[in-house]
Amino acid sequence: MNYYFVKVLPLRRFGYFSSEEIFSKGDCVVVEGNFGIEMGIIDSIVDGTPDNIEKVKKIIKLASKEDISGIQEREEKAKEILLLSKELARELNLEMKFLKAVYNSDGSKITIYFTADGRVDFRELIKEITKRVKKTRVELFQVGSRDAVKLLGAIGSCGREVCCATFLDEIDTISVKMVKDQGLQLNPTKISGVCGRLLCCMSYEYPFYSCCKSLFPNIDDLVRTSRGIGRVIENRYLKNSFVIMYEDGLKEEISIDQWHRENGDETA
């Protein structure tokens, strides 16, 4: 069995899929998605077996020209409906920012994604859209700022396309505590993403810093060394050391391994 990491279109959802056939990166494939039969692009070939094997879905086949042209036609129609939705919302004085319109695999339903500052009563809007879109079920779905960026894509402060639009299937919960534990400054311009929320990448190295925190003394702890008692003023996790200041103002950098060998977990 071969395993692949697939970007499912058009919502850029990612997941693991399996097949007896061999595919190459960039191949367009037909898959068993969360919403029935969907199209996807092979993002990468997976070595070994994915951890959550029970969540792995099947790749049905390599997409044909007809499959690809079908999704392209639906995308063009979806763009027209998105423009129509904007015009109708403006006429109804609804404060909504429309992001994307997506047809399901057989074209029987279209979902229109939008953001808004609060709750919006869009029942009249759905009626108006449905009048113009025959034999198609219409759904409006309000999303938050993070999901909006995932839908549209963007370039992050790192200069690369944002993680949520390239490989993250699920967005982890990020907290200010995670940022503090990594010794980062709480500067909103540096720790916030395009969506205005805390950067998803704040979670990538957090397990390392969380583990280090259990081995290092806390800031302002008094620790005993061969020179005497000093106060911890800085933890240097990447250097595996910490800095203390003695009463006379002298600073000293101490290896955490050396400190544990000499004192164990002893604090003064």
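Each chain carries its own residue numbering, running from 1 in the written order of its sequence. Per-residue local features of the predicted model are confined to residues with pLDDT of at least 70, and side-chain atom pairs are confined, for both listing and counting, to 80 or more; whole-chain, interface and lining totals are unaffected and use all residues. Values shown for side chains rest on all heavy atoms present in the structure; no hydrogens or waters enter the calculation.

1. Focus: the overall build of the protein chain
The secondary structure listing takes helices from DSSP runs of H or I that are at least 4 residues long and strands from runs of E that are at least 2 residues long, numbered from the N terminus. Looking only at helices and strands, one finds seven helices and twelve strands in the protein chain. Since a compact globule built from 268 residues should have a radius of gyration of about 18 Å, the 26 Å found for the protein chain marks it as more spread out than a globular shape. Each principal axis of the C-alpha atoms in the protein chain carries an extent, and together these give about 80 × 50 × 30 Å. Pairs of residues are marked as contacts when any of their non-hydrogen atoms sit within 4.5 Å. A fraction of 52% describes how many contacts in the protein chain between residues 6 or more apart in sequence connect residues 24 or more apart. Only the protein chains shown count as covering a residue, and every accessible area follows the Shrake-Rupley method with a 1.4 Å probe. Looking at the protein chain as shown, the accessible area adds up to about 16500 Å², and 49% of this sits on carbon and sulfur atoms. Positive and negative charge centroids in the protein chain, built from 40 and 42 side chains respectively, lie 5 Å apart. Radius of gyration: C-alpha atoms only; globule rule: 2.2 Å multiplied by the number of residues to the exponent 0.38. Think of it this way: Lys and Arg go in the positive column, Asp and Glu in the negative one, and His and the chain ends go nowhere. Charged side chains are reduced to one point each, which is NZ for Lys, CZ for Arg, CG for Asp and CD for Glu.

2. Description of the pairing of strand β8 (residues 137-142)
We call two strands paired when DSSP finds no fewer than two bridges between them. Inspection of the sheet shows strand β7 (residues 109-115) paired to β8 by six bridges, in the parallel sense. Paired with K109 across the strands is R137, a residue of β8. Seen with its strands pointing away from the viewer, a crossover is right-handed when the path leading from the first strand over the helix to the second is clockwise. As for the winding sense of the linkage, the β-α-β connection from β7 through helix α2 (residues 123-132) to β8 is right-handed.

3. Thoughts on the packing of aromatic side chains
Each Phe, Tyr or Trp ring (for Trp, its six-membered ring) is paired with any other whose centre lies within 6.5 Å, and the angle between the two planes then decides the class: stacked below 30 degrees, edge-to-face above 60, tilted in between. Taken as a whole and judged by the stated rule, the model has eleven aromatic pairs. A centroid spacing of 5.8 Å and a plane angle of 70° characterise the contact between Y113 and F141, whose relative ring orientation is edge-to-face. Note that Y113 is positioned in strand β7 and F141 in strand β8, a separation of 28 residues in sequence. Here F141 falls in the partly exposed class, since its relative accessible area comes to 47%. Of the aromatic side chains, those joined through ring pairs into one cluster are F208, Y209, F216 and Y237. Only protein chains enter the accessibility calculation, which uses a 1.4 Å probe. A residue is then buried if its area is under 20% of the maximum for its type, exposed if over 50%, and partly exposed in between.

4. Some words on the nonpolar core
Among the nonpolar cores identified, the biggest contains 21 residues, and M96, F98, I112, L125, I129 and L140 are the most heavily contacted of them. Sorting the residues of this core by element identifies α1 (65-91), β6 (97-103), β7, α2 and β8 as the ones contributing at least two each. Here this core takes six residues from α1, the largest share from any one element. Not counting chain neighbours up to four residues away, the residues in contact with L140 comprise M96, I112, F114, F122, L125, I126 and I129. Definition used in this section: a nonpolar core is a set of buried Ala, Val, Leu, Ile, Met, Phe, Trp, Tyr and Cys residues joined via side-chain atoms within 4.5 Å. Within the second largest apolar cluster, twelve residues are counted, among which are F216, V223, I244 and Y246.

5. Focus: the sheet that holds strand β12 (residues 251-255)
With antiparallel pairing, the four strands of this open sheet are ordered in space as β9-β10-β11-β12. The two strands at the open ends of the sheet, each matched to only one other strand, are β9 (222-224) and β12. Geometrically, the sheet is characterised by an average inter-axis angle of 45° between neighbouring strands, direction not taken into account. In this sheet, strand β11 (residues 241-246) lies alongside strand β10 (residues 229-236) in antiparallel orientation, the contact comprising six bridges. What sits directly across from G230, in β11, is Y246. Every axis in this analysis is a line fitted to C-alpha atoms, fitted for helices over the stretch in contact. Angles between the N-to-C directions lie between 0 and 180 degrees. Its contacts with the sheet put helix α7 (residues 256-263) on β9, β11 and β12, and the angle it makes with β12 is roughly 80°.

6. Some points on the environment of V194
Examined against the element boundaries, V194 turns out to sit in the loop between α5 (188-191) and α6 (206-215). Residues V194 and I171 lie 23 residues apart in sequence; the distance between their C-alpha atoms is 14 Å. Among all residues touching V194, those that are not within four sequence positions of it are V149, A154, I155, G156 and V162.

7. Side note on the pairing of strand β2 (residues 13-19)
Within β2, six of the seven residues are buried, which leaves the element mostly enclosed by the surrounding structure. In the sheet, strand β1 (residues 2-8) pairs with β2 via seven bridges, with the strands oriented antiparallel. Pairing of F5 across the sheet is with Y16, part of β2. The loop that links β1 with its antiparallel partner β2 comprises four residues; one of these, R12, has a positive phi angle of about 60°.

8. Observations concerning the pattern of salt bridges
Criterion for a salt bridge: a side-chain nitrogen of Lys or Arg within 4 Å of a carboxyl oxygen of Asp or Glu. According to the stated counting rule, one finds 14 salt bridges in the structure shown. Taking the shortest distance from any N to any O, the salt bridge between D248 and R227 comes out at 2.8 Å. Residue D248 is found in the loop between β11 and β12, and its partner R227 is found in the loop between β9 and β10; the two are separated by 21 residues along the sequence. Residue D248 is classed as exposed on the basis of its relative accessible area, which comes to 54%. Under the relative-accessibility criterion, R227 is labelled partly exposed at 43%. The shortest N-O distance in the salt bridge between R236 and E234 comes to 3.3 Å. R236 gets classed as partly exposed once you look at its relative accessible area, which sits at 26%. E234 gets classed as partly exposed once you look at its relative accessible area, which sits at 34%.

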